[in-house]
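So the chains spell out like this:
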Amino acid sequence: MTLTKMKLKGWGFIGPGLLWTVAFFAVPLLIMAAYSLFQRVGGRIVTDLSLSNYVAFFSKPHHLNALINSLEVTLITTIVSIILAYPLAYILAFRIPPRWQRIALMMAILPFWTSYVVRSYSWLLVLSSNGIISNIMQWLGIVDNPISLANSRTATVIGFVHFFTMLLTLTIFANLVQISPNYRKAAADLGASRWQILRRITLPLSVPGVMVGAFLTIVLALGDYITPQILGGFREVLLPQAIMLQIQRQADFPTAAAMSLVLMVVISIIFFLFSRWLKIERI
Amino acid sequence: MLKNFLQTMFNNIPAAVYVALIYFFIFLPVAVLVLFSFQDSLLPIPPFQGPSLRWYQAIFADFRIMEALWNSLMVGVVSAALSCFLGFLAAYGLARYPVRGSGAIQWLLVAPLSVSYLIIGMGLLITFKTLAIPKSLSAVIIGHVVINLPLAFAIIYSQMGEHHANLERAGRDLGAAEWQVLVLITLPLLWPALMASFFLSFTLSWDEFIIALLVSRFDVTLPVEIWSLLRSGLNPKTNAIGSMVFIVSIFLVIITEIAVFGRRKSK
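Residues numbered from 1 in each chain as written. Chains lettered and ligands numbered in written order. Predicted model: local features only at pLDDT ≥ 70, side-chain atom pairs only at ≥ 80, totals over all residues.

1. Notes on the overall build of chain A
A tally of helices and strands in chain A yields 13 helices and two strands. The C-alpha atoms of chain A give 24 Å as radius of gyration, which overshoots the globular expectation for 283 residues (19 Å, by more than 25%). For the C-alpha atoms alone, the extent of chain A along its principal axes is close to 80 × 70 × 30 Å. Each of the 283 residues in chain A was classed as buried or not, and the buried ones make up 41%. Pairs at least 24 residues apart make up 70% of the contacts formed inside chain A by residues separated by at least 6 positions. (Helix = DSSP H or I, 4+ residues; strand = E, 2+ residues; numbered from the N terminus. Rg over C-alpha atoms; globule rule 2.2 N^0.38 Å. Buried ≥ 20, exposed ≤ 12 C-beta atoms within 10 Å, placed from the backbone. Contact = placed C-beta atoms within 7 Å.)

2. A few points about the overall build of chain B
Check the secondary structure of chain B and you find 12 helices and zero strands. In sequence order, the secondary structure elements of chain B are arranged as α-α-α-α-α-α-α-α-α-α-α-α. Its C-alpha atoms give chain B a radius of gyration of 23 Å, clearly above 18 Å, the size a compact globule of 267 residues would have. Out of the 267 residues belonging to chain B, those deemed buried represent 42%. Intrachain contacts of chain B at a sequence separation of at least 6 include 73% that bridge at least 24 residues.

3. Quick word on helix H12 (residues 239–248) of chain A
Side chains three or four residues apart in an α-helix point the same way, a direct result of the helix having 3.6 residues per turn. Across the 10 residues of H12(A), seven count as buried, placing the element largely inside the fold. Residues of H12(A) that are buried: A:Leu239, A:Pro240, A:Gln241, A:Ala242, A:Ile243, A:Met244 and A:Gln246. Of the surrounding elements, those touching the buried residues of H12(A) are helix H3 (61–94), helix H11 (226–232) and helix H13 (253–274) of chain A together with helix H6 (117–130) of chain B.

4. Re the interface of chain B and chain A
Counting from both sides, the interface comprises 66 residues of chain B and, opposite them, 65 residues of chain A. Put simply, the parts of the chain that give the side of chain B that touches chain A at least two residues each are helix H1 (2–10), helix H2 (13–35), helix H4 (63–96), helix H5 (102–110), H6, helix H7 (137–158), helix H11 (222–229) and helix H12 (236–266) of chain B. No other element matches H2(B), which puts 11 residues into the side of chain B that touches chain A. The residue inventory of the side of chain B that touches chain A, partitioned by class, reads 52 nonpolar, 13 polar and one charged. (Nonpolar A, V, L, I, M, F, W, Y, C, P; charged D, E, K, R; others polar.)

5. A short note on helix H8 (residues 162–173) of chain B
For H8(B), with 12 residues, the first-to-last C-alpha span of 17 Å sits near the 16 Å given by 1.5 Å per residue. Taken from the residues just after H8(B), B:Gly175 is the one with a positive phi, measuring 100 degrees. (Expected span 1.5 Å × (residues − 1).)

6. A closer look at the environment of A:Met32
With respect to the secondary-structure elements, A:Met32 resides in helix H1 (residues 3–35). Among the residues examined, A:Met32 registers 26 C-beta atoms within 10 Å and is labelled buried. Counting along the chain gives 107 residues from A:Met32 to A:Trp139, while the straight-line C-alpha distance between them is 53 Å. Setting aside residues no more than four positions away along its own chain, A:Met32 makes contact with A:Ala257, A:Ser260, B:Met122, B:Gly123 and B:Ile126.

7. Considerations on the domain arrangement of chain B
All names here are of chain B. On domain assignment, one finds that chain B holds domain 1 (2–38) and domain 2 (63–266). In this assembly, five residues from domain 1 lie in contact with six residues from domain 2. Considered class by class, the residues forming the side of domain 1 that touches domain 2 number four nonpolar, one polar and no charged. (Domains from an automatic or database assignment.)

8. Some points on the packing of helix H7 (residues 153–176) of chain A against helix H10 (residues 207–222) of chain A
Packed helix pairs are specified by the crossing angle of their axes together with the interaxial distance, meaning the distance between the axes. Residue and element names in this part refer to chain A. One can describe the packing of H7 onto H10 by two numbers: an axis separation of 8 Å at closest approach and a directional angle of 155 degrees. With respect to H10, the element H7 is oriented roughly antiparallel. Relative to H10, H7 is oriented so that their crossing is right-handed. The segment H7 lies against H10, with Phe 160, Phe 164, Leu 167, Leu 168, Thr 171, Ile 172, Ala 174, Asn 175 and Leu 176 engaging Pro 208, Gly 209, Val 210, Val 212, Gly 213, Leu 216, Thr 217 and Ala 221. Across the contact of H7 with H10, the residue classes tally to 12 nonpolar, five polar and no charged. (Axes fitted to C-alpha atoms, helices over the stretch in contact; angles between N-to-C directions. Parallel < 35°, antiparallel > 145°, perpendicular 65-115°, else oblique. Left-handed = near helix turned anticlockwise from the far one by under 90°.)

9. Things to note about the environment of A:Trp20
Here A:Trp20 shows up in helix H1. Put simply, A:Trp20 and A:Ala174 are 154 residues apart on the chain and 33 Å apart in space, counted from C-alpha to C-alpha. Dropping the residues within four chain positions of it, A:Trp20 is found in contact with B:Leu86, B:Val145 and B:Leu149.

10. Brief notes about the packing of H1(A) against H4(B)
Across the interface, H1(A) lies against H4(B) with an axial gap of 7 Å and an inter-helix angle of 140 degrees. Between H1(A) and H4(B), the angle falls in the class oblique. Here the hand of the crossing between H1(A) and H4(B) comes out left-handed. Along its contact with H1(A), which presents A:Gly10, A:Phe13, A:Ile14, A:Pro16, A:Gly17, A:Leu18 and A:Trp20, the element H4(B) presents B:Leu86, B:Gly87, B:Leu89, B:Ala90, B:Tyr92, B:Gly93 and B:Leu94. Per-class residue counts for the contact of H1(A) with H4(B) are 10 nonpolar, four polar and no charged.

11. Quick word on unusual backbone geometry
The residue A:Asn151 is not glycine, and still its phi comes out positive at about 55 degrees. Take A:Asn151: it is sitting in the loop between helix H6 (132–139) and H7. By C-beta crowding, A:Asn151 is classed as partly exposed, having 19 other C-beta atoms within 10 Å. For B:Ala132, which is not glycine, the phi torsion reads 55 degrees and is therefore positive. Of the residues examined, B:Ala132 has 6 C-beta atoms within 10 Å and is grouped as exposed.

12. Concerning the confidence of the model for chain B
Residues and elements named next belong to chain B. Summing up the model confidence of chain B, the mean pLDDT is 85 and the portion of residues at 70 or higher is 93%. Least confident of the elements in chain B is H1, whose mean pLDDT is 62; most confident is helix H10 (residues 210–215), at 94. Confidence estimates for the predicted assembly give a pTM of 0.88 and an ipTM of 0.87. (pLDDT = per-residue confidence, 0-100.)

13. A word on the environment of B:Val248
All names here are of chain B. Along the chain, Val 248 falls in helix H12. Judged by local crowding, Val 248 falls into the partly exposed class, with 15 C-beta atoms found within 10 Å. Residues Val 248 and Val 145 lie 103 residues apart in sequence; the distance between their C-alpha atoms is 22 Å.

Quick look at the structure:
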């Protein structure tokens, strides 16, 4: 076979998949970018190019607040999830006998396998004013009347933390079991206490696992519509909710497109900040 | 065995307490969900009455839910099969043929992984609207292939090692035609990777909500149907569907375990 013919055949194999990605991913993003420069005036789309949607986004407090809310909720979620997940991953990696490790890990991520929408709904069962927590608190006499934790930032954060604790446990566990036990043994032989081994050996070597998990947490939490919509409600709107409101209530596609691109840029910046930890060979 | 396990755990009380608390937190919503799917009254809240199967009967009798379930299965199978097919072809082309700009092609093929589903869905929605293509289940399949193709490609590409290439060359030297090499050598060698890609793609499609919500209208998938049920507030019917989905997913996970890891162990 000649080289030209080889190349042609190669393109024949790559072509269909590449075409799909270009037609249904790259081109739609470009069309969306173009749309973000249009305006919606009196129910019609006007195709004069301008940055007015972006100017409006950063000057209207309720849009900018949605972005700030999203960043705050994501930051709290990430920190709390890391604090909860790290000890669990550590215990699973070093304290559980090997034969129980796999089953203990599978159990720790079991709720992953409920449907995404249903997972948020099931937290509603726990947190609403006639739910489990309210009933237990009344029964214990801590409160006299039903209390509702639903429809609040707390509820959104609880729903997020539940999911991302499982995710972070996975990434941190995968990192911890890859650390050679010799480092820990050597440190112990040289007289380091358990605490010193944790602080000087294990913790620094597990940073990549934490960072990969944190990155996934931030990106998925920033782009999630379901959890804040079901658990947070409308008292405080996050950016994905604000985007959906533009489509569902206003049918304002240009503004929704501009807000989506702002979200995309924010995520790209975060990707850039985390890029040193995201090399494939380190995962 | 269990005794050893408990001994190890109780040698370290703080760790045991921590593990117990965090497993409680992880299981709490799922346990509540499943328990109150057997509720005998109209609300899935305490006190628990039952057990009763009335809400499971209710969902099996619900035409819309059964149709959504079928739609989800169909969308999942078709989009997963397409993702694996396109992903396999692209991986084979990139691994075995000298193509210019292969780095850029790989980058483009996995690029959708770094973009939120919401943004991918918005792009498709606006594009379909511009081209006056109506919302439909086919549109959902298109979107799900966009999000699953990168994964299928990455998994399959990572398994296309040099030793496979040698076996393919040997086949060609012995007179096999190109399609015979593909079907008789490459595909069987890649079977575990293909199975893993298929089940992963199916699972993600089965559970995907936002793209399905944005680009479908009258025929919807199960997550979208559950979403519209949520408007009626807390409802044991939702618990029953949720519990069923949970059990089906666990079943799929076990099958994937056996298909992927079982094979590896037996070698």
